[in-house]
Structures are given as structure tokens and as C-alpha cells.
Amino acid sequence: MPEGHTLHRLARLHQRRFARAPVMVSSPQGRFADGAAAVDGRVLKKATAYGKHLFHHYEGGRVVHVHLGLYGTFTEWALPAGTAPPPPVGQVRMRMIGAEYGTDLRGPTVCEVLAEPEIADVIDRLGPDPLRRDADGSLAWARIRKSRRPIGALLMDQTVIAGVGNVYRNELLFRHGIDPHRPGIRIDEDEFDAMWTDLVALMRIGLRRGKIHTIRPEDDHGLPSYGPGRPRTYVYRRAGEPCRLCGTEIRTKVMEGRNLFWCPTDQT
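Residues numbered from 1 in each chain as written. Predicted model: local features only at pLDDT ≥ 70, side-chain atom pairs only at ≥ 80, totals over all residues. Heavy atoms only, no water.

**Notes on the packing of helix α1 (residues 4-18) against helix α7 (residues 189-209)**
Now for step 1: It is the contact of α1 with α7, at a shortest axis distance of 9 Å, that shows an interaxial angle of 40 degrees. Here α1 is positioned oblique relative to α7, judged by the angle of their axes. Every pair of crossing elements has a handedness; the one defined by α1 and α7 is right-handed. Taken together, the residues of α7 that come into contact with α1 (itself represented by Gly4, His5, His8, Arg9 and Arg12) are Met203, Gly206, Leu207, Arg208 and Arg209. (Axes fitted to C-alpha atoms, helices over the stretch in contact; angles between N-to-C directions. Helix = DSSP H or I, 4+ residues; strand = E, 2+ residues; numbered from the N terminus. Parallel < 35°, antiparallel > 145°, perpendicular 65-115°, else oblique. Left-handed = near helix turned anticlockwise from the far one by under 90°. Contact = heavy atoms within 4.5 Å.)

Shown next, in the form of C-alpha cells:
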């Protein structure tokens, strides 16, 4: 599932390519036909993101709300002057066509039209988004400090912190030497403050580079990444391999439906 920085990058891209002009919106697949008709031909005022949610704000107070989920993806394409849009390929839920670019959305968990005031209902269910300038980490801390759930689960809970996915969860806990099984009530405030500050910085790197990068420069060597073209990680998808710092075998298990990775020596 795409993590929060991906949605913020999409919002910036769509803002740059489609905002302040009319946009043709359709649903080649047909499942979003009524929603597409509600905004087709309207001016896209702006595109924003909060956590893993993307919002396209159209004139007239209509907003297209997208959550990509596990399988959703946007395919971007250029539209040279005088050329026709390419035919849709596969199950395209929503197609947007502007003056110079188009994009096709496939496989989202959510693709719906909301009234502008309804956005607040979505955001009110979420924790603070580290990539928002107005993010208040103390709201996340207030929930963590009272919970007996493991911190590894709390960091993935979008009502606690919005936008954190499996890579950031695993890597952040390793960087701060915290066992993912430790209950929230056993995380002290200094530990949380350090993690929040680090998380904001790491997600900003992801937003800027377009890739998650969590490994410190002094550790960015040695064993290869878990996949072609991927940055090295400390623990994520490295089960059975030696820890980059101490050599202990990285462990894995499933926690609340998602794969967890950690070093039993360096994380206490």
C-alpha cells in the first residue's frame, strides 16, 4: 500500500498538471460514472493530500476523494498538442484529461465524490499527518501513552498517525531501538518526541526523492537492498539476514495482518 509521501507527491503532481483549468473526467470502467459526471468539465481548484487520502477540489464545492488501498494506482501520460488520448487499458475507474496531460486511476479502495464540508468527516477520523505543516504530534502521543497495544501496531493505526505504512513503521522502530512489541504505555515521552521528529524528517525525504530512504549515511553500504532499484533498509523485508549493526538475524512475524521485521538485539 502506498505510504503518505506517495499521496502528497500525487497531490503536487496533479496540482501542477491539472489545477486552475477545466478537466474532463470520465469512468471508462463505469463504476464511477455518476461521480465523474458530477465534476466533468469543471475547473480543478486544487489537489491536496492527508495521510493516505487524496482530494481533488473542483469548483462548485465538489471533491473527488481517492484512497488507493493495496492495489490502486495512477498512470500518468502526456497529451501532445493535436493528439487524441490513448485508449483506456484495463479497468480504469477514473480518467482525467487536461490540456497537456492525462491520468488513469485503477483499482482504488475508494473513489467517490464528496461535498467540501464532508472532507472534515474523513480527516477527523485520522491522526496527525507528519507531512502537513499543521501536524500536532502531541495528538498521537496522547493516544499512544494510554494504549496497551504494541507500538508496532499503533504506528500503523491511521487514527493514531496518518500516512505511516509498513516500511516507515519497521524502519523507524529500528532507528530508535524500540521493540515493536512494547506496549504504548511503556513508551516514554522523550522516546516518542524523538521518533516523531525523525518520522517527519524521513517522510519529507520520501516526498522530495519519491522513494523511502531510512538508512543513515554511515550504514548505507554492505549487503544489497531487498529488491532491484530499492534503497537499503535496516530490517524491512530482511528476515533471516544479519542485522546491519550487530549481525543478529532479523526476525519477522505477522502483527495485526501486516508483516513485522525487527532485530531482537538492537530493539529493546
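From this point on, the discussion continues.
**Considerations on the nonpolar core**
Now for step 1: Ranked by size, the top nonpolar core spans 34 residues in total, and within it Ile144, Ile151, Ile161, Tyr168, Ile187, Phe192 and Leu199 carry the most contacts.
Now for step 2: Listing elements by their share of this core, those giving two or more residues are α4 (137-144), α5 (151-154), α6 (166-175) and α7.
Now for step 3: The leading source of residues in this core is α7, at 8 residues.
Now for step 4: Filtering out sequence-adjacent residues up to four positions away, Ile161 remains in contact with Gly127, Pro128, Pro130, Ala140, Leu155, Trp196 and Leu199.
Now for step 5: Counting residues in hydrophobic clusters, the runner-up holds 22 residues, among them Val23, Phe32, Tyr58 and Leu105. (Core = buried A, V, L, I, M, F, W, Y, C linked by side-chain atoms within 4.5 Å. Buried < 20%, exposed > 50% of the residue type's maximum accessible area, 1.4 Å probe, protein only.)

**Notes on unusual backbone geometry**
Now for step 1: The phi dihedral of Arg20 falls on the positive side, at around 70 degrees, and the residue is not glycine.
Now for step 2: Of note in the backbone geometry, Glu256 takes a positive phi value of approximately 50 degrees without being a glycine.

**A word on the packing of α4 against α7**
Now for step 1: It is at 11 Å that the axes of α4 and α7 come closest, and there the two elements cross at 135 degrees. Comparing the axis directions of α4 and α7 gives the class oblique. Crossing geometry of α4 relative to α7 is assigned as right-handed. Note on element contacts: α7 touches α4 through Glu189, Phe192 and Trp196, opposite Gly137, Ala140, Trp141 and Ile144.
Now for step 2: Partitioned by chemical class, the residues of the contact of α4 with α7 number 5 nonpolar, 1 polar and 1 charged. (Nonpolar A, V, L, I, M, F, W, Y, C, P; charged D, E, K, R; others polar.)

**Re the packing of aromatic side chains**
Geometry of an aromatic ring pair is reported as the spacing of the ring centres plus the angle between the planes.
Now for step 1: For the coordinates displayed, the defined rule picks out 5 aromatic pairs.
Now for step 2: Here the aromatic rings of Trp141 and Phe192 are separated by 5.6 Å at their centres, their planes lie at 25 degrees, and the arrangement is stacked. You can see Trp141 sitting in helix α4 and its partner Phe192 sitting in helix α7, a full 51 residues away along the chain. Summarising the burial analysis for this pair, Trp141 and Phe192 share the class buried. (Phe/Tyr/Trp six-rings, centres within 6.5 Å; stacked < 30°, edge-to-face > 60°.)

**Examining the sheet that holds strand β6 (residues 73-78)**
Now for step 1: Strands sit in the order β2-β7-β8-β6 across an open sheet of 4 strands; the sheet is antiparallel. Each edge of the open sheet is held by one strand with a lone partner, namely β2 (24-26) and β6. Direction aside, the axes of adjacent strands within the sheet are offset by 15 degrees on average.
Now for step 2: In this structure, β6 lies alongside strand β8 (residues 101-106), joined through 6 bridges in antiparallel fashion. (Pairing = 2+ DSSP bridges.)

**Re the pattern of salt bridges**
Now for step 1: In the structure shown here, the tally under the stated rule is 10 salt bridges.
Now for step 2: Across the pair Arg106 and Asp104 runs a salt bridge whose closest N-O atoms are separated by 4.0 Å.
Now for step 3: A residue is classified by how much of its surface remains accessible, and Asp104, at 3% relative accessible area, is buried.
Now for step 4: Residues Asp198 and Arg175 are paired through a salt bridge, measuring 2.8 Å at the closest nitrogen-oxygen approach. Here Asp198, found in helix α7, pairs with Arg175, found in helix α6; they are 23 residues apart in sequence, far enough to count as distant. Take Asp198 and Arg175: they sit in the same class, and that class is buried.
Now for step 5: Among the charged side chains, a salt-bridge network with shared partners connects Arg95, Asp104 and Arg106. (Salt bridge = Lys/Arg side-chain N within 4 Å of Asp/Glu carboxyl O.)

**Examining a negative patch on the surface**
Now for step 1: A cluster of acidic residues, Glu112, Glu118, Asp121 and Asp124, forms a negative patch on the protein surface.
Now for step 2: Following the sequence through the fold, Asp124 ends up in the loop between α3 (119-123) and α4.
Now for step 3: You can call Asp124 exposed: its relative accessible area is 61%. (Patch = residues over 30% accessible without salt bridge, like charges linked within 9 Å, V, L, I, M, F, W, Y side chains within 5 Å. Areas by Shrake-Rupley, 256 points an atom, 1.4 Å probe, with all protein chains shown as cover. Lys, Arg positive; Asp, Glu negative; His and termini not counted. Charge placed at Lys NZ, Arg CZ, Asp CG, Glu CD.)

**A few points about the UniProt feature "domain: FPG-type" (unreviewed entry) in the protein chain**
Now for step 1: Following the UniProt record, one finds the feature "domain: FPG-type" (unreviewed entry) at residues 234-268.
Now for step 2: Secondary structure across residues 234-268 comprises 0% helix and 29% strand; the distance between its end C-alpha atoms is 16 Å. (UniProt positions renumbered as here; feature names shortened; annotations may be inferred.)

**As for the side chain of Thr233**
Now for step 1: Mapping Thr233 onto the fold places it in the loop between α7 and β10 (251-255).
Now for step 2: Here the side chain of Thr233 touches Tyr236 through a polar contact of 2.9 Å, landing on its backbone oxygen.
Now for step 3: Ignoring anything within four residues of it in the chain, the contact list for Thr233 reads Glu171, Ile215, Tyr226, Arg238 and Arg244. (Polar contact = N/O pair within 3.5 Å; in protein donor to acceptor, adjacent residues only side chain to side chain.)

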